Every structure is written in structure tokens, then in C-alpha cells.
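Examining the three-dimensional arrangement
Each chain, letter by letter, is given below.
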Amino acid sequence: MEIAKTEHDADAARRAAWQSTAAAAQRTAQRSRPRVALRRAVLVALAAGVLIGGVVLIMPDGRGPKAPPPAPGPAARALTAVTGGAPASVADVTALITERAAWVRGHPNDEASWTVLGSAYLERGVRGADSSFYPRAEWALKRSLQVRPKDNLDAETGLAALANARHDYAAARTLAESVRARKADRWTLYPPLIEAYNGLGDPKAAAKAVEQLLELRAGSAALTQAAEVYRQHGWREDALVALDEAVAHAASPAQKAAALVSAGDLAWERGEPDAALAHYEAALRTDPGAHAALAGRARAKVALGRKADAQRDYLAAVALLPRPEYLLELGELYESQGLDGDARAWFDKLRERAARDESNGVDDALVLGRFEADHGAAHAAVDRLEAEWRAHPSAAAEDALGWAMYRAGEPEEGLAHVRKATDSGVRSALFSYHQATIERELGQSGAARRHLQDALRTNPQFSPVLAPKAAEALAALGEPADGGPRDMYGHVAPAAQSGSGGGGGSASADSSSGQSSSQGSKRPARPRPAKPSRRG
């Protein structure tokens, strides 16, 4: 690792100390080689707290002068986070952008600083849901590749992360897999690779990539990402354990808040709004800049019947973090209260935000398709979501396409897609509700009843608009007819003999919920989160 000389003695002294500390941390890590992933995570977190900036992660030897690590402060904190795959505060990232932009003006051949600048622009855009930073990120990262076109793995990894932010998961996978083919032990490539696999609906590949990431560098950010993969498989308890450890081993307030927000999302999805609310409020106490926690808190308050408070939180969230999905949720909250004019106003803002994102290379097809299916033109939603599903065949895209087809008058075709979504392993009350509604439309009362029950059991308040409809539909279906189901000739099957037919009923129930035995045998091996270390 080359550390460039500087004309200023203070900078030279600081950089010499940084180099010595980095080398010592590296030697310690090599000697200890702990067997348990979380013990390695502790060492990494401690090393990250000692290193000034963590430049060692992305500063390969190259052409031209290299920027010295920033002095301790906001820019150094942001550099540690940005290069370490962790969230950083908006203020810190802004300071890093200012510092690196000034440096590259005088040192245009420093490809590593161009990469840092591009990654900082990307982080700034993600943290503020401001896609106008993405073209700047692309420009800086491509400038780095112009300076060093060969084996510039950091810039390529940065472009993969940018593709994910733009929801171009296929491009992100191509870029990240190209880096892995040349340097498989480079841990920084795995977070964008895992996100790309999730976006493409490939949880098996994502699970394998998580195993590799945890082998190379366990820590709060890695565990938070692992938890998302576990959630995609329906392994909620594993996700909860991973998030607990991510919170415990976070190296910064922003990192801890991100793990708490993910824990809140998981609790809300499990139908536990009180627990979700506690996680979101803890995230905001830890990092007031964790604006995603505001939207999460609003969602939890809706589930608890505190709609006026929820409106205030949503309004604060969209003012600071105007993600299209939050605009849709706020509009539907107003709709659930009969405030159709207010709902339309927020739906118009959703369209405006999506148009702005599109001008900056972001594909909001999934959230736009969901919106159009329920509030716009269903046929347009089908066209949009079919293209999205072909490009990114995730469970979310599959469910949204099936629902749009049903809304457009194609229930049989829609049911085939929605069933695949519920069979994917993701536990979603919305998926179950969509399947139940289409089954009811097709006269499949028994299946509809089971999936309505599943939706309300998974999360009784999954939507302020749809959850009441689910409860009404279930009440309208009533209880099953006495004597059990009838066959095609109208005969009731004889009761199963005690001790001999019990397995048939459970198999039927399992099949109705979409968890078949054949499918279960094909589940990828589950990468377990590391065991918690003993604390004195």
C-alpha cells in the first residue's frame, strides 16, 4: 500500500501515524484469526474506530499523487463509512464531498479520490432520496476509470452500487460479478452483489454471497444485509438474531440506526407494531438523521390506530426523504380516512418524484406499477410491471404483476403470478391478501379463506386500506361447511382414521400456504448468523 508524500509536515505526521496503526491492526488480525464471525466483527469495528478514514480499503497503488486521509472530523467519519459499506450522516458526507472535490481539482489523476468522490455523491443521494446526485456519482466514478482503466476494482464496485440505487439490478450483478471473477476475496464487492441478487429474485445466490461476506468481514453492516437475505427466505428468527448483533456491534450512530430501522421493519412485518415503534424511536434517538425511521414510525402508528400522529410523521419523513413508496403510503393513509382530495395530491407528488427520478436514471417501475394498479390505469400497470418482472423477476415484482393483471380483468393469469410470489418464501401479508382476493373472485372459497387468515395472522394491520377489506372479506366467507370439503361429485370425504390420516390434513394445509415439501427440499442451505460472543 503506497502512501504518497506531502509537503506539509503535519499531514506527513498524521499519515505516518495512520500507516503505522493500519499495519498494526492488520498484523493483529492475521495472528488472531478468530473462528467465530462475530469475534472478527468486534476486531474490525475496533480497527475502524482507530483508523483515520479507513483509506486502506480503497486506495490501491496507482498513478499520480494520492490524497492524504482527512483530519479527524466529519470527512474522516464519512470516508470510513463510505469505503466500509456503511451508512454515514448527510453532514459528514457533505464534508467529504467538499474535501475530495477540492483535492481532485488540483490532482485530476488521483483515480482513488475520484472513486471516493463518486461514492460520496452516491451516499448523499441515497441518504436524502435525491437522485440528482446520481449523475454526479456516475461522472466521478467514470472519471476514475478514465484515469485508471485497468483493474480499477473500486470504481467498478462503486458503479455496481450506483446501478442498485437506480434499480438496475442486472447491471449491478454484471459489474459485481466481474470484480469477483478477478478478486473473489475483496469483501467490498459483496454488499452490492447481494443487493443485486435480491433485486433479481435470486435468494439462493444472495444467501451464498452472504456466507462469503461473513467469512471475509463480519460486522454490523454485513449482519444487517445478511438479515435482509434471511427475511427474503422467510427465516425471520435468523433475521432477528442477526439484527440484534448488528445493533450491538455498530461502529457509528448512523450504522446502529440503520440496523434498528431494519429491526423495526421486521417487527412491523411480523404484526408487532409496538415492538416496531420501539425500534424506530430508538433509531431516531441514536441518529436524528435516520429519516427512514420517521416513515417506519408512521407505519407503526397507523397499525396502532394513531392516524393523526402517523400523518405528522409521514409529512416529516417525505419532507426529508421523499421516497416514492412513502408518498404512496401517505396518500393511502389519507384515502383510508375518506380524504380523497388529499390522497390525490400526494399521488400527484408521487408521479412528479418518479418523473424526476427517471430523468436521473432511476427506474421506479415497481412502485409506479403498484400505484397504477390500485389508483390509476390497471392496463398501463400490467405493461409496466411485465417489463419490470422480465428484467428483475423478484417476488415483489411477481406479486405486483399478478395483482395488476387481476385488476385489469385477467384473474387466472394474475393468480399464477401471485402464487409464485407467495411460494417464494417471503412472508408477506400483502402477498397473501392478493392471492386470497383473486381466489375469491374465481370461486375458490376455501383457498381464499385460508389466505385471508394467513394475511391477518401475519400482520393484522398490513395496510390502512386493504387490512379492513381483508377482515370484511373473511367475515363474508364465514366458516367452512360442516362435514369438510366435497369432491367434484358433491360427496363428502369420509373422516380420516385416528393415527392414520393426520398427515393428510397437515399436508393439505401446507400446500395451501404455498410451502410444498418438494419446494422445501430445494431451499438453499441457510447461512446462520454468528453466535454472540460472551460479554463480561
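First, a word on what this report is: a plain description of the structure on this page.

The rules behind each value
Throughout this document, residue positions are counted from 1 along each chain, in the order its sequence is written. This being a predicted model, a pLDDT of at least 70 is required before a residue's local features are given, and a value of 80 or more before pairs of side-chain atoms are given or counted; all residues contribute to the totals for chains, interfaces and linings. Hydrogen atoms and water are omitted, and side-chain values are computed over all heavy atoms in the structure. We define a nonpolar core as any set of buried Ala, Val, Leu, Ile, Met, Phe, Trp, Tyr and Cys residues linked to one another through side-chain atoms lying within 4.5 Å. Only protein chains enter the accessibility calculation, which uses a 1.4 Å probe; a residue whose area is less than 20% of its type maximum is buried, one above 50% is exposed, and one in between is partly exposed. A pair of aromatic rings is counted whenever rings of Phe, Tyr or Trp (Trp by its six-membered ring) have centres within 6.5 Å, and the orientation is called stacked for planes under 30 degrees apart, edge-to-face for over 60 and tilted otherwise. Helix and strand definitions follow DSSP, with helices as H or I runs of at least four residues and strands as E runs of at least two, each counted in order from the N terminus. Note on geometry: axes are C-alpha line fits, over the in-contact stretch for helices, and angles between N-to-C directions span 0 to 180 degrees. The scheme is simple: roughly parallel for angles under 35 degrees, roughly antiparallel for over 145, roughly perpendicular for 65 to 115, oblique for anything else. In this scheme the handedness of a crossing depends on how the near helix is turned from the far one: anticlockwise by less than a right angle means left-handed, clockwise means right-handed. Whether two residues are in contact is decided by their heavy atoms, any of which lying within 4.5 Å being enough. Each residue is assigned to one class: nonpolar for Ala, Val, Leu, Ile, Met, Phe, Trp, Tyr, Cys and Pro, charged for Asp, Glu, Lys and Arg, and polar for all the others, Gly among them. To estimate the expected span of a helix, count its residues, drop one, and scale the result by 1.5 Å. By definition here, a salt bridge exists when the distance from a side-chain nitrogen of Lys or Arg to a carboxyl oxygen of Asp or Glu is within 4 Å.

Before going further, it helps to spend a moment on the nonpolar core. In this structure, Ile194, Leu214 and Tyr230 are the most contacted members of the largest nonpolar core, which totals 71 residues. By size, the runner-up hydrophobic cluster in this structure holds 31 residues, among which are Leu385, Leu401, Tyr433 and Val465.

In this section: the packing of aromatic side chains. Under the counting rule described, the total for this entry stands at seven aromatic pairs. With a centroid separation of 5.1 Å and an interplanar angle of 55°, the aromatic rings of Phe347 and Phe371 are classed as tilted. Of the two residues, Phe347 sits in helix 18 (residues 340–359) while Phe371 sits in helix 19 (residues 365–375), which places them 24 residues apart along the sequence. By the burial criterion, Phe347 is buried, and Phe371 matches it. Consider the rings of Tyr433 and Phe462, whose centres lie 5.8 Å apart with planes at 45°: the pair is tilted. Within this pair, whereas Tyr433 is found in helix 23 (residues 429–441), its partner Phe462 is found in the loop between helix 24 (445–458) and helix 25 (466–477), the two being separated by 29 residues in sequence. Of the two residues, Tyr433 and Phe462, both sit in the buried class. Every member of this aromatic cluster is reached through a ring pair, and the members are Trp403, Tyr406, Tyr433 and Phe462.

The geometry of helix 23 relative to helix 25 is characterised by a closest axis approach of 11 Å and an angle of 45° between their N-to-C directions. By the angle between their axes, helix 23 is oblique relative to helix 25. With respect to the hand of their crossing, helix 23 and helix 25 are arranged in left-handed fashion. When helix 23 is examined against helix 25, the residues Leu430, Tyr433, His434 and Arg440 are found in contact with a partner set consisting of Leu466, Lys469, Ala470, Ala473, Ala476 and Leu477. Class assignment of the residues belonging to the contact of helix 23 with helix 25 gives a composition of seven nonpolar, one polar and two charged.

Residues spaced three or four apart along an α-helix face the same direction, because each turn holds 3.6 residues. For helix 19, the complete set of buried residues consists of Ala365, Val367, Leu368, Gly369, Phe371, Glu372 and Ala373. The inward-facing, buried residues of helix 19 abut helix 17 (324–336), helix 18, helix 20 (378–391) and helix 21 (395–407).

Moving on, we get to the environment of Ala242. Assignment of secondary structure puts Ala242 in helix 12 (residues 236–248). Sequence-wise, Ala242 and Ala222 are 20 residues apart; in three dimensions their C-alpha atoms are separated by 9.3 Å.

With 14 residues, helix 24 extends 20 Å from end C-alpha to end C-alpha; this agrees with the ideal 20 Å at 1.5 Å per step. Listed in full, the buried residues belonging to helix 24 are Ala447, Ala448, Arg449, His451, Leu452, Asp454, Ala455, Leu456 and Thr458.

It is worth spelling out the pattern of salt bridges at this point. Applying the stated criterion across every chain, the model contains 27 salt bridges. Between Arg166 and Glu138 there is a salt bridge, and its shortest N-O distance comes to 3.0 Å. In this pair, Arg166 is assigned in the loop between helix 7 (153–165) and helix 8 (169–182) and Glu138 in helix 6 (residues 133–147), connecting sequence segments 28 residues apart. Relative accessible area serves as the criterion here: at 12%, Arg166 is assigned to the buried category. Judged by relative accessible area, Glu138 falls into the partly exposed class, the value being 24%. Of the charged contacts in the structure, one is a salt bridge between Glu372 and Arg384, with a shortest N-O distance of 3.2 Å. Of this pair, Glu372 sits in helix 19 while Arg384 is found in helix 20, placing the two residues twelve residues apart along the sequence.

Right, let's talk about the environment of Gly331 for a bit. With respect to the helices and strands, Gly331 occurs in helix 17. Taking the C-alpha atoms as reference points, Gly331 and Asp348, 17 residues apart in sequence, are found 9.4 Å from one another. Setting aside residues no more than four positions away along its own chain, Gly331 makes contact with Ala343, Trp346 and Phe347.

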